[in-house]
Each structure stands twice: as C-alpha cells, then as structure tokens.
Amino acid sequence: GAPGGPTLTKRRASSTPTTGLAFDNQMLKHACICGNNAIHPEHAGRLQSIWARLLETGLVQRCDRLRPRKATPQELQTCHSEAHALLYGTSSINRHKMDMSKLSTLPVTTFVRLPCGGIGVDSDTTWNEIYTAPAARVAVGCTVDLACRTWTGDIRNGFAIVRPPGHHAEPEQAMGFCFFNSVAIAARLLQTEHRVHKILIFDWDVHHGNGTQQIFYDDPRVLVISIHRHDDGNFFPGTGNPDECGSGPGMGFNVNIAWSGGLNPPLGDAEYLAAFRSVVMPIAMEFSPDIVLVSAGFDAAEGHSANLGGYRVSPACFGYMTRQLMQIARGRVVLALEGGYDLPSICDSAEECVRVLLGDNPSLISPTELARTPCTNAVASLQKVIGIQTMHWHCLQE
Ligand code: 6DK
Ligand code: ZN
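Residues numbered from 1 in each chain as written. Chains lettered and ligands numbered in written order. Predicted model: local features only at pLDDT ≥ 70, side-chain atom pairs only at ≥ 80, totals over all residues. Heavy atoms only, no water.

(A) Molecular detail of the packing of helix H1 (residues 44–56) against helix H11 (residues 343–357). It is at 9 Å that the axes of H1 and H11 come closest, and there the two elements cross at 45°. Considering their axes alone, H1 and H11 lie oblique with respect to each other. The chirality of how H1 crosses H11 is right-handed. Touching Gly-45, Arg-46, Ser-49, Ile-50, Arg-53 and Leu-54 of H1 are Leu-343, Pro-344, Ile-346, Cys-347, Asp-348, Ala-350, Glu-351 and Val-354, all from H11. Partitioning the contact of H1 with H11 into residue classes produces 8 nonpolar, 2 polar and 4 charged. (Axes fitted to C-alpha atoms, helices over the stretch in contact; angles between N-to-C directions. Helix = DSSP H or I, 4+ residues; strand = E, 2+ residues; numbered from the N terminus. Parallel < 35°, antiparallel > 145°, perpendicular 65-115°, else oblique. Left-handed = near helix turned anticlockwise from the far one by under 90°. Contact = heavy atoms within 4.5 Å. Nonpolar A, V, L, I, M, F, W, Y, C, P; charged D, E, K, R; others polar.)

(B) Molecular detail of the site of ligand 1. Close to ligand 1 lie 18 residues; Asp-124, His-167, His-168, Gly-339 and Tyr-341 are nearest. One nitrogen or oxygen atom from the side chain of His-207 is found 3.1 Å from an oxygen atom belonging to ligand 1. A distance of 2.5 Å separates an oxygen atom of ligand 1 from a polar side-chain atom of Tyr-341. Expressed as a share of its isolated accessible area of 520 Å², the protein-covered part of ligand 1 is 85%. A breakdown of the residues in the shell around ligand 1 according to their chemical character gives 8 nonpolar, 6 polar and 4 charged. (Near = heavy atom within 4 Å. Polar contact = N/O pair within 3.5 Å; in protein donor to acceptor, adjacent residues only side chain to side chain. Areas by Shrake-Rupley, 256 points an atom, 1.4 Å probe, with all protein chains shown as cover.)

(C) Structural context of the coordination of the zinc ion (ligand 2). Around the zinc ion (ligand 2), the protein contributes the donor atoms Asp-205 (OD), Asp-205 (OD), His-207 (ND1) and Asp-299 (OD), at 1.9 to 2.6 Å from the metal centre. Around the zinc ion (ligand 2), the 6 donor atoms sit at angles spanning 55 to 157°, and that spread fits a shape best called irregular. Taken in chain order, the donor set of the zinc ion (ligand 2) reads D-x1-H-x91-D. Remark: Asp-299 occurs in the loop between strand S10 (291–296) and helix H10 (315–325) and Asp-205 occurs in the loop between strand S7 (199–203) and helix H8 (210–215); sequence separation between them is 94 residues. Like Asp-299, Asp-205 is buried. (Donors = N, O, S within 2.8 Å, 3.2 Å for Na, K, Ca; no water. Tetrahedral: all angles 85-135°; square planar, octahedral: opposite > 155°, others 65-115°. Buried < 20%, exposed > 50% of the residue type's maximum accessible area, 1.4 Å probe, protein only.)

(D) Up close: the pattern of salt bridges. Enumeration according to the criterion identifies 16 salt bridges in this entry. Here Arg-355 makes a salt bridge to Asp-360, at a shortest N to O gap of 4.0 Å. Put simply, Arg-53, Glu-56, Arg-62, Asp-348, Glu-351, Arg-355 and Asp-360 are held in one network by salt bridges that share partners. (Salt bridge = Lys/Arg side-chain N within 4 Å of Asp/Glu carboxyl O.)

Below, the structure written as structure tokens:
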C-alpha cells in the first residue's frame, strides 16, 4: 500500500485518482556555460514551453502535481555503478565530499573541453559544474515517484515533464544528452520496492533507447519495445537492430522496430499505426504487463530537421499511441519525456498526450494518413521484426 504523508502537493477533494504531473524548475538550470541553444538542442526552453502550454490550456489544474525530489544514490545505483552515480550525481562544488577512491572503478570517463568553451562527457552531453547533477537527479526522482504512485493507485497515470533525458544512459556510460536512465530506474524500483512482476517499457523516441535495452537485456520481467529510426546503424546511436532480441532468460523480451530507408519518404502516422497494429499491441497484450512506462520523446514529430529525426508523426498519433497503451495494464501508464526539439511540435504532442491521459477524446488522425499504405521500406522493417520475434510470441504466428 501507499505510505502515508502528504506527498502530493495538491490533494483533490474527489477521491477518484487523476493524472499525475511532475515538473520542477531545478531541471531548467542544466545548461552549457556557452549558453548557445542553437548548438545544444536539449535546452531548458523545451520544458519551459511544454509547461507553459499545459498551464495556459488549464491542463495542469486538472492534474495532481507531485512534489519533486532528487533521486537518492541508492536509487541511482539500481541501474548504474556506484562510481557513475557518484560522478554524475555530485555537483563539482560538492566534489570535496566525494569518496574519490570509488571513481577509480569507472572506465576512462573524464570531462572534455568543448569547442564552444563548455564542458561535456562528449560534444552532445554537456555538463554544468553546478546544475547538471541536481537536474539529472530530480528527473529520476520525478519519474520514479510517478511510476510508484501510479502503481499504488494514488494517481491514475502520469507524465514526467523532465530533463535531462535518460534512455541512452547505460550502467557506466553517460551519452546522447543522458546521464541517468530515469525510466529504467523507475522500472527497477517497481520490481524491488513494490514487487511488480511484469513491466513494459515502450520507447517511441526517434532514437534507439540503447541504455534501456542494455539494462534489461537478460530480464524477462521487463519487456522493452523500441520503435526508432535505424537506417542500418547509420542513425544515432547506431544500435537497435531487430536481431537484438534479448539474451538468456530475457530472450524474446527485447523488441526493436527499426526503420530503415532514410527519409524517402519521411515516415509518419501511417507507418506508426501499422507498427502498433501488427507488432506493438499484439506483443504487449500477449505479455500482459502490470504497468507500462513510456520513454516519450517527441523527436519523431513533424518539425524536426533530418539530423534530429526527419519524420512527421502528428500530435494525434502520439495521443493515439498513448490511448492504445492505456488499454493494457488497467490503464497504468506513465510517460517520461525523452527527446523532442521543435518547440511548437513538442508542445502540441505533449498537450495531446496529457488530454488522452485525462480521458478526453483524442484528436482525429488525418484521413489521408489513416488511408495511406505504409511505405515499402517500413513494411519491410515490420516484416523483418515479425520474422525475428515470431518464435517468441504466439500472436505473430502465421
Ligand atoms: N547530436 C534523445 O533525443 C537524444 O534520444 C538524441 C541524441 C542525439 C545525439 C546526436 C545528435 C546533435 C544534433 C544537433 C545539434 C547538436 C547535437 F535522449 C534523447 F534526448 F531522448 O544528433
Ligand atoms: Zn531522441
């Protein structure tokens, strides 16, 4: 059961649980010291504009806002090494308190000086000496609390409006704007603190969630399904081939829907709807999870340049995917923001997802997209993943 105490900042008079939202200003302070948003697309304006949209549309007022908190070192260490948790969970101003001997176990991770004048793990993953560590820990804490409160029934479902993102973060590797894998940590804590048996992690960010895949690769209790632009390994991070399907007891519990064929044509709703109908929903329903966690990046949305996505998934389609996932696990669905860089587009998509979580009627997918035949490359990608997964899932047979 839920531990007592006033964890929800605003308790509703009605006893019906509603959608939980998590957001905190601490996550806005993580920024490269160069201050140039044009070269660092994962910037605070993303969260600011989404939150402003949810406020001005009256959606925040209809939700329960969780009190944000920083994840503890113990929580971070459910998916990361002690050295990794210590290095990225500590501001440089608090370094003197850190046990440096722990860091010697970390393989060659040092910060580099970037051409822009800032500091980073790599040129994508910038590090602010003061503000990155608390921001990354708040992002994890928000995601964990929404997942646990959804599980206990305090809230019906939830959306963590967080940054920095997490799905590229591996046990000992920060990369691709990510330091800690928030969604993976939430899943591990559901397993250990709440004895949740079966968890589905669905990742619709346009980039493959390599960190999440790696963390649960041999675990049959966490089904990881990622749908991403792959282009035969030529799109970041390069992993996520459909033949990566799990190992040992986890064999068949990792599903990669990997689009290839570049941007001719750019993929859109028709392809994502086909993936949902033929792969995602059949496998998800056969697995029958107790809860669904979504790595909800919006960079497959229209408005993203070729290097950051190049696809044109509509806000209505993100709402549709959310609604579909609410059909399983008794509606226990928690979204956590990952990527998404075109501000108008990510605001539209996030707004639509919150409306669907609240139970409002979803926007209609355009009739053209509904009628369109998925492009040849996409059909081939779906056939490939079905061919590989068919031995693991009855629903895919014949
Ligand atoms: N770098 C993510 O969206 C992160 O999956 C994607 C990271 C892409 C790294 C390679 C890349 C650029 C591009 C343009 C300008 C600067 C750097 F983790 C998520 F945020 F979710 O395209
Ligand atoms: Zn992404």
